[in-house]
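# Examination of the molecular architecture
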Amino acid sequence: MAKKKKKEVPECCIGCAKWEVFGKECWVYWEGKKECSMNTSKE
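Each chain carries its own residue numbering, running from 1 in the written order of its sequence. With the structure being a predicted model, the display of local features is reserved for residues of pLDDT at least 70 and the display and counting of side-chain atom pairs for 80 or more, all residues being used for whole-chain, interface and lining totals. For side-chain calculations, the full set of non-hydrogen atoms in the structure is used, while hydrogens and water are omitted.

Lining residues are those with an atom within 4 Å of a point, where the points come from a 1 Å grid over the protein atoms alone and group into cavities, where a 1.4 Å probe fits but cannot get out, or pockets, open sets with protein on both sides within 12 Å along at least five of seven lines. Grid points are joined across faces, edges and corners, and a volume is the space filled by probe spheres set on the points. Applying the stated rule across the entire model yields one cavity of 30 Å³ or more. By volume, the largest cavity amounts to about 50 Å³. Looking at the largest cavity, the residues that line it are Cys12, Cys13, Cys16, Trp19, Cys26, Val28, Tyr29, Lys33, Cys36 and Asn39. Each residue is assigned to one class: nonpolar for Ala, Val, Leu, Ile, Met, Phe, Trp, Tyr, Cys and Pro, charged for Asp, Glu, Lys and Arg, and polar for all the others, Gly among them. Looking at side-chain class alone, the lining of the largest cavity contains eight nonpolar, one polar and one charged residues.

What follows is the structure, given as C-alpha cells:
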C-alpha cells in the first residue's frame, strides 16, 4: 500500500468521506470554498 502525501484539508471538507476518497478531484470542491452542503460525514 502506497503512502499518500498528507494534504492540507480545506476547513469545510474536514471529516468528509468524499474528500478522503477524491481530495481535490471531488466534484463539489473548488479552491477557496468556504462552505459545503454536500459534506458527508462518516459518523
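Turning our attention to the nonpolar core. Among the nonpolar cores identified, the biggest contains eight residues, and these are Cys12, Cys13, Cys16, Trp19, Cys26, Val28, Tyr29 and Cys36. Sequence-distant contacts of Trp19, defined by excluding residues within four places in its chain, comprise Glu8, Val9, Pro10, Cys13, Lys24 and Tyr29. Nonpolar core, defined: a set of buried Ala, Val, Leu, Ile, Met, Phe, Trp, Tyr and Cys residues in which side-chain atoms within 4.5 Å join the residues together. Exposure categories follow from relative accessible area, calculated using a 1.4 Å probe and restricted to protein chains: below 20% of the type maximum is buried, above 50% is exposed, and the middle band is partly exposed. For this analysis, residues touch if any pair of their heavy atoms sits within 4.5 Å.

A contiguous nonpolar surface patch, about 350 Å² in accessible area, is contributed by Val21, Phe22 and Trp27. Relative to the helices and strands, Val21 is located in helix H1 (residues 17-22). Taking relative accessible area as the criterion, Val21 reaches 57% and is therefore assigned exposed. To count toward a patch, a residue needs a relative accessible area over 30% and no salt bridge; like charges are then connected within 9 Å, while nonpolar side chains (Val, Leu, Ile, Met, Phe, Trp, Tyr) are connected within 5 Å. Areas reported as accessible are Shrake-Rupley estimates using a 1.4 Å probe. Residue values count occlusion only from the protein chains shown. Salt bridges are defined as contacts in which a side-chain nitrogen from Lys or Arg sits within 4 Å of a carboxyl oxygen from Asp or Glu. For the purposes of this entry, the term helix denotes a DSSP run of H or I that reaches at least four residues, the term strand denotes a run of E that reaches at least two, and both are numbered from the N terminus.

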